[in-house]
Amino acid sequence: MKIKSSKPIAQLKKGDKVKINGMQLEVDAHYVFEDYKTTKEMLIELFDSKTDKDYQLRYFDDQVEDTIKFYELKVIVYEEVELKSLEW
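*Asks:* If you had to explain the sheet that holds strand S3 (residues 23-35) to someone new, which residues and values would you point to?
*Replies:* Pairing is mixed in the open sheet, where 8 strands are placed in the order S1-S8-S2-S3-S4-S5-S6-S7. At either margin of the open sheet sits one strand with a lone partner, and together these are strand S1 (2-4) and strand S7 (77-81). Pairs of neighbouring strands in the sheet enclose a mean axial angle of 30 degrees, with direction left out of account. Bridge count for strand S2 (residues 17-20) against S3 is 4 bridges, and the pairing is antiparallel. Residue Lys17 lies in a different strand from S3, and its bridge partner there is Glu26.

Okay, here's the thing in structure tokens:
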């Protein structure tokens, strides 16, 4: 997986653009999903305004590159999708 960033991932906020696997997505929210005291699982909610599909990026704040995963909302659950490229 290839990551190209213009700022730390922790600074992504609502309205920022993210390119994932060639798709241009927009950040809807970025928050702590689960606090484990020694690390935090972070969640970035994304959407594609052209297709009206919802996506998520999930990662642990102390191990971003090793733990980042990409999900697509399918009916009522998020299913993991292979993350090939990520850019913001």
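*Asks:* Now, about unusual backbone geometry: what can you tell me, with residues and values included?
*Replies:* Positive phi, normally seen in glycine, also occurs at Asp52, with a value near 60 degrees. What makes Asp52 exposed here is its relative accessible area of 66%. The backbone phi angle of Val75 is positive, close to 60 degrees, even though this residue is not glycine. The topology assignment puts Val75 in the loop between strand S6 (69-74) and S7. By relative accessible area, Val75 is classed as exposed at 81%.

Cut-offs applied
Residues numbered from 1 in each chain as written. Predicted model: local features only at pLDDT ≥ 70, side-chain atom pairs only at ≥ 80, totals over all residues. Heavy atoms only, no water. Pairing = 2+ DSSP bridges. Helix = DSSP H or I, 4+ residues; strand = E, 2+ residues; numbered from the N terminus. Axes fitted to C-alpha atoms, helices over the stretch in contact; angles between N-to-C directions. Buried < 20%, exposed > 50% of the residue type's maximum accessible area, 1.4 Å probe, protein only.

Worth remembering: the numbers are spatial, not functional.
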